[in-house]
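Examination of the molecular architecture
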Amino acid sequence: MAADILVYKADAVPVGEDQLPHLELTREIARRFNFLYGPVFPEPQAKLNEVVLLPGTDGRKMSKSYNNVIEMSASADEVRRAIENMVTDPARVRRTDPGHPEVCSVHAFHKVFSRTMLDDITRECVNAGIGCVECKRRLALAVNEFLEPIRERRKAVEREPGLVEDVLADGAKRARVLAEATLEEVRKAMRI
Ligand code: SF4
């Protein structure tokens with residue numbers, strides 16, 4: 001990861017909170033190299049999103065190997081099904097039990113996808129004014145609304161055969177030029 005960042009002299013790296021220690025290691029390598037051989041690498045800064053951590057649908061760390069992700073390519077039905085199966089507040093057994101949004105993965109998703117409704121949802125949850133089924137239904141609507149333009153764009157890309165391959169080839173070509181220039185600088189700095 002450090003090599004992939006440093007070879008392109010990235011100033012900023014979009015990361016989630018759990019990646020921060022890896023980025024700090026990269027920054028340390030840059031500092032150490034610059035100290036020993038002169039200034040070659042910028043110290044890359046973390047570019048954190050407003051939402052630094054989104055749990056998986058089961059409340060654990062989101063990971064494909066846990067099978068607890070909602071894919072960007074998921075259909076509206078797949079999104080609905082994934083959200084229906086999401087883990088909620090375990091202490092909320094009956095519909096009349098007050099909820100604890102701070103431990104609920106559905107609420108964590110609402111923070112991202114339902115910002116305008118968030119205060120209402122939070123209040124209704126803690127007052128038992130809303131059931132988890134309805135809360136999940138609202139979340140599925142919000143997530144699908146968010147994903148719809150992405151699905152449209154995906155369909156448009158699929159209608160243009162070769163487009164993805166061309167974009168990847170072009171990116172690889174430009175990246176190679178940058179990487180070669182950096183390696184040349186490194187060799188010069190290290191006199192090798
Ligand atoms: S009402 Fe919503 S936020 Fe509250 S526990 Fe149920 S799913 Fe979670």
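Residues numbered from 1 in each chain as written. Predicted model: local features only at pLDDT ≥ 70, side-chain atom pairs only at ≥ 80, totals over all residues. Heavy atoms only, no water.

1. Re the overall build of the protein chain
The condition that has to hold: Counting from the N terminus, the helices are DSSP H or I runs at least four residues long and the strands are E runs at least two residues long. Every radius of gyration here is taken over C-alpha atoms, with the globule rule written as 2.2 Å times N^0.38, N being the number of residues. Buried residues are those whose accessible area, probed at 1.4 Å on protein chains only, stays under 20% of the maximum for their type, while exposed residues exceed 50% and partly exposed ones sit between those limits. By definition in these notes, contact holds between two residues if any of their heavy atoms fall within 4.5 Å.
When you go through the protein chain residue by residue, the secondary structure sums to seven helices and two strands. What you see in the protein chain, going N to C, is helices and strands ordered as α-β-α-β-α-α-α-α-α. Since a compact globule built from 192 residues should have a radius of gyration of about 16 Å, the 22 Å found for the protein chain marks it as more spread out than a globular shape. A principal-axis box enclosing the C-alpha atoms of the protein chain has dimensions of 70 × 45 × 30 Å. For the protein chain, with 192 residues in total, the buried portion stands at 31%. Expressed as a percentage of contacts within the protein chain between residues at least 6 apart in sequence, the contacts between residues at least 24 apart total 62%.

2. Digging into the side chain of Thr 26
This is how it is decided: N or O atoms closer than or at 3.5 Å make up a polar contact, with two conditions inside protein: a donor-capable atom paired with an acceptor-capable one, and, for residues adjacent in sequence, both atoms drawn from side chains.
Within the fold, Thr 26 resides in helix α2 (residues 20–37). Residue class for Thr 26 comes out buried when judged on its relative accessible area of 0%. Here the side chain of Thr 26 touches His 22 through a polar contact of 3.1 Å, landing on its backbone oxygen. Sequence-distant contacts of Thr 26, defined by excluding residues within four places in its chain, comprise Ala 2, Ile 5, Leu 6 and Pro 44.

3. Quick notes on the domain arrangement of the protein chain
Put simply, the rule reads: Reported domain spans reflect what an automatic or database domain assignment gives. Here the quantity called buried area is the accessible surface, traced with a 1.4 Å probe, that two parts lose on coming together, added over both. We define a salt bridge as a side-chain nitrogen of Lys or Arg found within 4 Å of a carboxyl oxygen belonging to Asp or Glu.
Domain boundaries in the protein chain define domain 1 (2–52 + 161–190) and domain 2 (64–158). Computed over C-alpha atoms, the centres of domain 1 and domain 2 are 35 Å apart. Taken over both partners, the interface formed by domain 1 and domain 2 buries close to 340 Å², and the fraction arising from carbon and sulfur atoms is 61%. On the domain 1 side of the interface with domain 2, the three residues burying the most area are Glu 50, Val 51 and Leu 163, jointly 74% of the side's total. Between the two partners, domain 1 and domain 2, sit zero salt bridges.

4. Overview of the site of the ligand
For clarity, the threshold we go by: Only a single heavy atom is needed: when it lies within 4 Å of a molecule or strand, its residue is near that molecule or strand. Polar here means any residue outside two lists: the nonpolar Ala, Val, Leu, Ile, Met, Phe, Trp, Tyr, Cys and Pro, and the charged Asp, Glu, Lys and Arg; Gly therefore counts as polar.
Neighbouring the ligand are Thr 88, Asp 89, Arg 92, Cys 104, Val 106, His 107, Cys 125, Ile 130, Cys 132 and Cys 135. The set of elements that each furnish at least two residues to the shell around the ligand consists of α4 (105–113) and α6 (132–158). For the shell around the ligand, the class distribution of residues is six nonpolar, two polar and two charged.

5. A short note on unusual backbone geometry
Outside of glycine, negative phi angles account for most residues, and trans bonds account for most peptide bonds. Of note in this structure, Lys 9 is not a glycine but carries a positive phi near 50 degrees. By the element assignment, Lys 9 lies in the loop between α1 (2–6) and β1 (12–15). A positive phi angle, close to 55 degrees, is found at Ala 128, a residue other than glycine. Along the chain, the position of Ala 128 falls in the loop between α5 (118–126) and α6. Residue classification places Ala 128 among the buried residues on the basis of a relative accessible area of 15%.

6. Side note on helix α7 (residues 163–190)
The test is simple: Helix span, as expected, comes to 1.5 Å for every residue beyond the first.
The first and last C-alpha atoms of α7 sit 41 Å apart over 28 residues, in line with the 40 Å expected at 1.5 Å per residue. Along α7, the residues that are buried comprise Ala 179, Thr 182 and Val 186. The elements touched by buried residues of α7 are α1 and α2. Taken from the residues just after α7, Arg 191 is the one with a positive phi, measuring 55 degrees.

7. Structural notes on the nonpolar core
Note the threshold: Among buried residues, the Ala, Val, Leu, Ile, Met, Phe, Trp, Tyr and Cys ones that are joined through side-chain atoms within 4.5 Å form a nonpolar core.
Of all hydrophobic cores here, the largest spans 15 residues; its most connected members are Ile 70, Val 79, Ile 83, Met 86, Val 106, Leu 139 and Val 143. Mapped by element, the contributors of at least two residues to this core are α3 (76–84), α4 and α6. Discounting residues that sit within four places of it in the chain, Ile 83 has contacts with Ile 70, Lys 136, Leu 139, Ala 140 and Val 143. Counting residues in each nonpolar core, the second largest holds six residues, with Leu 6, Ala 30, Val 40 and Val 186 among its members.

8. Things to note about the environment of Leu 53
Checked against the element boundaries, Leu 53 lands in the loop between β2 (45–48) and α3. Remark: the alpha-carbon pair of Leu 53 and Gly 16, spanning 37 residues in sequence, is separated by 6.4 Å.

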